[in-house]
Amino acid sequence: MYGAIEAGGTKMVLAVGDDKSNIVETTEIKTRSPRETIPEIMDFFGKYDIEGMGIGAFGPVCLDRNSESYGKIGKSPKLEWVGFSWMEAFGKADYPVTIDTDVNAACLGEVKYGNGKGLNNVIYITIGTGIGVGVYAEGKLLHGALHPEAGHILLPVSGRDGFEGICPYHKNCFEGLASGPAIEAHYGKKPQLLLDDMSVWEQEADYIGKALMQYICCYCPERIILGGGVMHIEKLFPMIREKTLSYMNGYVDTKEMQDIESYITPAGLMGQQGIKGALFLASLK
């Protein structure tokens, strides 16, 4: 049996499962301060004799296994978690702990079990409370000096209503313009209360299309998978595909781009991609 944590900024999903990521038990807890949250996590896993732990954590987080900071949260907007170390939290555990970003775990879940299965080059994008991008390139998750923070690419501002974005670091980055909180800040209502206002979703599709054009040029993935709360609005998909093709303007002419409905797809695991990916991380030796 293996343990898994999908550590999001709003909630933590905890699960125990087998080496094929079949979930035996799962629960959700609210993300509060580490002092309040970690004891709940330990209580849940204390019921099981597990052989490994996989953690998909919100970032930035150090992923260098050779660093003393492996598993430590960096300059996160979740201020109570800045400097928190997942490795220190599990320091007394007698099983290995593997850590990656939450969006990388979700990308891995989709590649192993969902709409990216069988492919070697996939991008998974979550658009919700924040925007994150997991890149699976040449059969493995892409890391680097840290990890891709592609939700923070700068985008040209669309429209003339004065909205400049909400990211505290970059203003008009992808997350600052198109995340759920950005939509609410822009229009003064939560996204679910704006469903009938097509101008909102045309604007949203425009930003997403601009971002996808850049990701296609940078990574040339075999498939792009879109998840997260905002992407539950299904009418966005055809608009996003149209915008992406428009911005590409025929520049990348691959068989994948010619089948745009299969190329830009929704997530395929009913919201379980992150926790299944974390379980897969736990099974790695």
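Provided above is the structure to which this section pertains.
First, a word on scope: everything that follows refers to the structure included in this document. Fair warning: this is a prediction, and the values are worked out from it, not measured in the lab.

Reading the values: the criteria
- Residues numbered from 1 in each chain as written.
- Predicted model: local features only at pLDDT ≥ 70, side-chain atom pairs only at ≥ 80, totals over all residues.
- Heavy atoms only, no water.
- Axes fitted to C-alpha atoms, helices over the stretch in contact; angles between N-to-C directions.
- Helix = DSSP H or I, 4+ residues; strand = E, 2+ residues; numbered from the N terminus.
- Parallel < 35°, antiparallel > 145°, perpendicular 65-115°, else oblique.
- Left-handed = near helix turned anticlockwise from the far one by under 90°.
- Contact = heavy atoms within 4.5 Å.
- Nonpolar A, V, L, I, M, F, W, Y, C, P; charged D, E, K, R; others polar.
- Buried < 20%, exposed > 50% of the residue type's maximum accessible area, 1.4 Å probe, protein only.
- Pairing = 2+ DSSP bridges.
- Salt bridge = Lys/Arg side-chain N within 4 Å of Asp/Glu carboxyl O.

### Concerning the packing of helix α5 (residues 180-187) against helix α6 (residues 198-219)
Here α5 crosses α6 at 135 degrees, and the two axes come no closer than 12 Å. With respect to their mutual orientation, α5 and α6 come out oblique. The hand of the α5/α6 crossing is right-handed. Residue-level inspection shows Ile183, His186 and Tyr187 of α5 in contact with α6, the latter providing Ser199, Val200, Trp201, Gln203 and Glu204. Taken together, the residues that form the contact of α5 with α6 break down as four nonpolar, three polar and one charged.

### Quick word on the pairing of strand β6 (residues 122-127)
Along any regular strand, the residues point their side chains to alternate faces of the sheet. Here β6 lies mainly inside the structure; five of its six residues are buried. Across six bridges, β6 lies against strand β7 (residues 131-137) in antiparallel orientation. The residue of β7 that forms the bridge with Tyr124 is Gly134. With antiparallel pairing between neighbouring strands as the criterion, β6 and β7 make up a hairpin whose turn holds three residues. As paired elements, β6 and strand β9 (residues 223-227) share five bridges and run parallel to each other.

### Topic: the sheet that holds β6
Pairing is mixed in the open sheet, where five strands are placed in the order β8-β7-β6-β9-β10. The strands lining the two open edges of the sheet, one partner per strand, are β8 (140-141) and β10 (264-266). Pairing between β7 and β8: two bridges, direction antiparallel. When the bridges of β8 are listed, Tyr136 appears paired with Leu141. In this fold helix α3 (residues 102-113) packs onto β6, β7, β8 and β9, with an angle of close to 50 degrees to the strand it touches most, β7. Here α6 sits on the sheet and contacts β6, β7, β9 and β10; the angle it forms with β6, its principal contact strand, is near 155 degrees.

### Brief notes about the pattern of salt bridges
Within the structure shown, the criterion is met by eight salt bridges. One salt bridge connects Glu256 with Lys255, and the closest N-O pair in it is separated by 2.8 Å. Of the residues examined, Lys255 reaches a relative accessible area of 62% and is grouped as exposed. In the salt-bridge network here, residues are joined through shared partners; they are Asp206, Lys210 and Lys243.

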